[in-house]
Amino acid sequence: MFTKDVYNASIPEMSDVGTFVVQVTATDADDPTYGNSAKVVYSILQGQPYFSVESETGIIKTALLNMDRENREQYQVVIQAKDMGGQMGGLSGTTTVNITLTDVNDNPPRFPQSTYQFRAPESMPSDSPIGRIKANDADVDENAEIEYSITEGDGYDMFGITTDKDTQEGIITVKKALDFENKNLYILKVEATNTHVDPRFLYLGPFKDSATVRIQVEDVDEPPVFSRPAYIMEVKEDVPINSVIGTVTAQDPDATKNPVKYSVDRHTDMDRVFNINSGNGSIFTSKPLDRETLLWHNITVIAAEINNPKQSSRVPVFIKVLDVNDNAPEFAMFYETFVCENAKAEQLIQTLSAVDKDDSYSGHQFSFSLPPETASSSNFTLQDNRDNTAGIFTRKTRYNRHEMSTYFLPVVISDNDYPIQSSTETVTIRVCACDHRGKMLSCNAEALVHPTGLSTGALIAILLCIIILLVTVVLFAALRRQRKKEPLIISKEDIRDNIVSYNDEGGGEEDTQAFDIGTLRNPEAIDDNKLRRDIVPETLFMPRRTATVRDNADVRDFINQRLKDNDTDPTAPPYDSLATYAYEGNGSVAESLSSLESVTTEGDQDYDYLSDWGPRFKKLADMYGAMDSDKDS
């Protein structure tokens, strides 16, 4: 009995004869001391002539030279074990051994064809793939790994090749820009080499292969190409408008040589300072230049085919504005200085310096001077230090700020460039009071001091305050006087403050605020000189005395008399005065105005006129008309 029913083993292909494969083992349960009953002998029943087995040990070995995995990879061998030393009458058992040949790198890569053809447009960008090639290798795994390379050819530096690790293909790519007009055909030699070579099989030949690759470049419509990648131009800032400062050149690289037109990208020249001749590419100025405002102008020029404007290209143009002496020097800062009243002659009071916006390749050199018309009469002198600075000195001893509090000293500054530029600047010099050390105390021209110790300015301020106070008092008094003249009744809706509603007959003794009821009861107690309470009395006419009604048995007669007196009184107010007297008389001559008693009258009324008043009174006309009809019936 074999220890295993099935054995699995593997050996490298191309192994030498006698290479150990595997050892099988069989056991016999019989007593080994009893003759040959337990003596086992091994033999091969299937698997010759490729393998053999040692009869006593059960070791299986190779029996054939150069077994190739690419021809046959799997082998099945049947081994028999027989007791009794293999003699007749012995018992036997079998087992199966599966043997696999493993791969070795014994096959070089081979291209299936010797020449490959590819096409590539000249507009193809760099690193773009053109095509793939593949060399076949019968081996597997790492023994089949291939590395591709371009060994020679006229496009050695124009193209490259890389290996796809998954498919073991060679990918041809573009390394540099193609140009159909310059070269339209490239021939390359590509080599495929195994990366893992087994030295034992070098005798089989070189483990590499080569093929020829032909690449045809196709023509495409290309945009114009400028003669330079960038242009740098220089122009002086004082050039006239429409002056040409330089030229750009572009050509159509195609064989057709289409004409080109030029233009300026206005996004790079928003102010339209420059323009370009669309035919010859000459750039010229269209506005004045100023180096002090902008030193560099960076514009972009566009070249496009006239027949196909979509085919265009761009180029940067850097324009440097060169300086000319067009700016006069000026003070480095605004100068406002002072001189002490007790200053001495030839005393330095201020040092001046100047700047110039223009460039000077040899350095600026400024000169300072006083204008000829003021040099002799000025109270100050100017000394040029010859180092782009100047000093202002006093010409006399002592200054009086009450006579002259401020001096304006003109200074002429000139440069030494061509053409010479000069300007006149002004220095403000104030006369100030100083202590004995020259420290400024005050620069105001003080007025004469009064015995009170107050200056004129303080006195003026006090006087203004007094005037404002007096005006305020006068206005306040006038306003109060005007308010006193105004009547108590101002609003048209106001009925009067002295209107009192009496809820009892005859008023009452306690009602003494707005009207004296005692007057009504005692007409003889009237004070003829008593004036109205609701307005300020103004005597225009003497009050007219009225006769006293002594025999008034009824208060009604007294009221009627007073009403008549007021109607004829020229001193009465010009507005209506409403007075309410709570008096109930004996009756009214006009009798009742209520419509409630109208039904008791015997007089006939004609209500036909209600029909003429319109639809709003139609209902009323129907009602009274119906009443008349009923009365007639």
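Residues numbered from 1 in each chain as written. Predicted model: local features only at pLDDT ≥ 70, side-chain atom pairs only at ≥ 80, totals over all residues. Heavy atoms only, no water.

Thoughts on the overall build of the protein
What counts is decided by this rule: Runs of E in the DSSP output that reach at least two residues are strands. Runs of H or I that reach at least four are helices, and both are numbered from the N terminus. When accessible area is computed with a 1.4 Å probe and restricted to protein chains, residues below 20% of their type maximum are described as buried, those above 50% as exposed, and intermediate ones as partly exposed. Contacts are assigned to residue pairs with any non-hydrogen atoms lying within 4.5 Å of each other. For the accessible areas, the method is Shrake-Rupley and the probe is 1.4 Å, while residue cover comes only from the protein chains on display.
If you tally the helices and strands in the protein, you get five helices and 32 strands. Each of the 633 residues in the protein was classed as buried or not, and the buried ones make up 33%. Relative to all contacts within the protein whose residues are 6 or more apart in sequence, the contacts with residues 24 or more apart total 65%. Counting only carbon and sulfur atoms, one obtains 52% of the accessible surface of the protein, whose full area is about 41000 Å².

Considerations on the side chain of T337
Rules: Here a polar contact means two N or O atoms within 3.5 Å. Within protein one must be a hydrogen donor candidate and the other an acceptor candidate, and residues neighboring in sequence count only if both atoms are side-chain atoms.
Structurally, T337 is set in strand β25 (residues 336–340). Of the polar contacts made by the side chain of T337, one reaches the backbone oxygen of I349; its length is 3.3 Å. Not counting residues up to four positions away in its chain, the partners in contact with T337 are I349, Q350, V427, T428, I429 and R430.

As for the pairing of strand β16 (residues 231–236)
Worth spelling out the cut-off: Any two strands between which DSSP finds at least two bridges are classified as paired.
Only one face of β16 is buried: it carries Y231, M233 and V235, and the other face, with I232, E234 and K236, is open. The sheet contact formed by β16 and strand β23 (residues 312–322) spans six bridges and is parallel. The residue bridging K236 from the neighbouring strand is L322, located in β23.

Remarks on unusual backbone geometry
Cis geometry marks the peptide bond from Q48 to P49, where omega comes out at 10°. With respect to the helices and strands, the residue P49 is situated in the loop between β3 (41–46) and β4 (51–53). Positive phi is not limited to glycine here, since D127 has a value of about 70°. Mapped onto the elements of the fold, D127 is located in the loop between β8 (115–121) and β9 (129–133). One non-glycine residue, R272, adopts positive backbone phi at about 55°.

Quick word on the state of the cysteines
Short version of the rule: In this description, a disulfide is simply a cysteine sulfur pair whose atoms lie within 2.5 Å.
This model, assessed by the stated rule, comprises two disulfides. The disulfide partner of C340 is C434, and the gap between their sulfur atoms is 2.1 Å. Looking along the S-S bond of the C340-C434 disulfide, the torsion reads about -85°, which is the left-handed sense. Placement of C340 in strand β25 and of C434 in strand β31 (residues 422–434) is noted, with a sequence separation of 94 residues between them. In terms of burial, C340 and C434 fall into one category: buried. Within the protein, bonded cysteines paired by disulfides and numbered along the sequence follow the pattern 1-3, 2-4.

Thoughts on the sheet that holds strand β5 (residues 59–62)
Formally: To obtain each axis, a line is fitted to C-alpha atoms, and for helices this fit is confined to the stretch in contact; angles are then taken between N-to-C directions over 0 to 180 degrees.
The sheet built from three strands is open, its strands ordered β2-β5-β4 with antiparallel pairing. Looking at strand neighbours, the two that pair on one side only are β2 (20–23) and β4, the edges of this open sheet. Geometrically, the sheet is characterised by an average inter-axis angle of 25° between neighbouring strands, direction not taken into account. Looking at chain direction, β4 and β5 are connected through three bridges and run antiparallel. By the bridge assignment for β5, F51 is matched with T62.

A few points about the pattern of salt bridges
Short version of the rule: Salt bridges are defined as contacts in which a side-chain nitrogen from Lys or Arg sits within 4 Å of a carboxyl oxygen from Asp or Glu.
Under the defined criterion, the tally for this structure stands at 18 salt bridges. Across the pair D103 and R69 runs a salt bridge whose closest N-O atoms are separated by 3.0 Å. With D103 in the loop between β7 (92–102) and β8 and R69 in the loop between β5 and β6 (74–82), the pair connects residues that are 34 residues apart, well separated along the chain. With relative accessibility at 17%, the residue D103 sits in the buried group. On the basis of relative accessibility, which here comes to 11%, the residue R69 falls in the buried class. For D265, the salt bridge is made with R314, and the minimal N-O distance between the two is 2.7 Å. Placement of the pair is D265 in the loop between β19 (260–264) and β20 (274–276) and R314 in strand β23, with a sequence separation of 49 residues. Exposure remark for R314: the relative accessible area of 55% places this residue in the exposed category. Each of R69, E70 and D103 takes part in salt bridges that share partners, so that together they form one network.

Some remarks on the environment of V197
Looking at the element boundaries, V197 is found in the loop between β13 (185–194) and β14 (208–218). Separated by ten residues in sequence, V197 and F207 have C-alpha atoms that sit 7.3 Å apart. In this structure V197 touches N105, L202 and F207, once residues within four positions along its chain are discounted.

Concerning the sheet that holds β16
A sheet is described by the order of its strands in space; here four strands give the open sequence β16-β23-β22-β19, paired in mixed fashion. Bordering the open sheet on either side are β16 and β19, each of which pairs with just one other strand. Here the average twist between neighbouring strands, direction ignored, is 30°.

Notes on the nonpolar core
In plain terms, the rule: We call a set of buried residues a nonpolar core when its members are Ala, Val, Leu, Ile, Met, Phe, Trp, Tyr or Cys and they connect through side-chain atoms within 4.5 Å of each other.
Counting residues in hydrophobic clusters, the biggest one holds 25 residues, and the most contacted among them are I133, F159, V213 and I215. For this core, the secondary structure elements donating two or more residues are β8, β9, β10 (146–153), β11 (159–164), β12 (169–174), β13 and β14. Not counting residues within four places of it along the chain, the set of residues in contact with I133 comprises F111, Y116, F118, Y148, I161, E169, G170, I172, V190 and V213. F368, A390, I392 and I429 belong to the second-largest nonpolar core, a separate cluster that totals 24 residues.

What about the environment of S123?
Within the fold, S123 resides in the loop between β8 and β9. Counting along the chain gives 56 residues from S123 to D179, while the straight-line C-alpha distance between them is 8.0 Å.

Describing the packing of aromatic side chains
Condition: Stacked, tilted and edge-to-face are the three classes applied to pairs of Phe, Tyr and Trp rings, where Trp contributes its six-membered ring and a pair requires centres within 6.5 Å; stacked means planes under 30 degrees apart, edge-to-face means over 60, and tilted covers the rest. Throughout this description, the term charge over a ring refers to an Arg CZ or Lys NZ atom that lies within 6 Å of the ring centre and within 35 degrees of the ring normal.
In total, this model carries eleven aromatic pairs according to the counting rule given. Centroid distance F380 to Y407: 5.4 Å. Interplanar angle 80°. Geometry classified as edge-to-face. Placement of F380 in strand β28 (residues 380–384) and of Y407 in strand β30 (residues 406–414) is noted, with a sequence separation of 27 residues between them. Y407 matches F380 in its accessibility class, with the two residues each being buried. Following the ring pairs from residue to residue traces out a cluster consisting of Y50, F51 and Y75. The ring of Y186 carries the charged tip of K183 above its face, separated from the ring centre by 5.3 Å.

With respect to the confidence of the model for the protein
Put simply, the rule reads: Confidence of the prediction at every residue is given by pLDDT, a number between 0 and 100.
Per-residue pLDDT for the protein averages 82, and the proportion of residues at 70 or more is 80%. Note on residues 446–452: pLDDT is under 50 here. Beyond four places in sequence and across chains, it has six contacts. Considering only residues more than four positions removed or in separate chains, one finds that residues 539–543, a stretch of pLDDT under 50, has two contacts.

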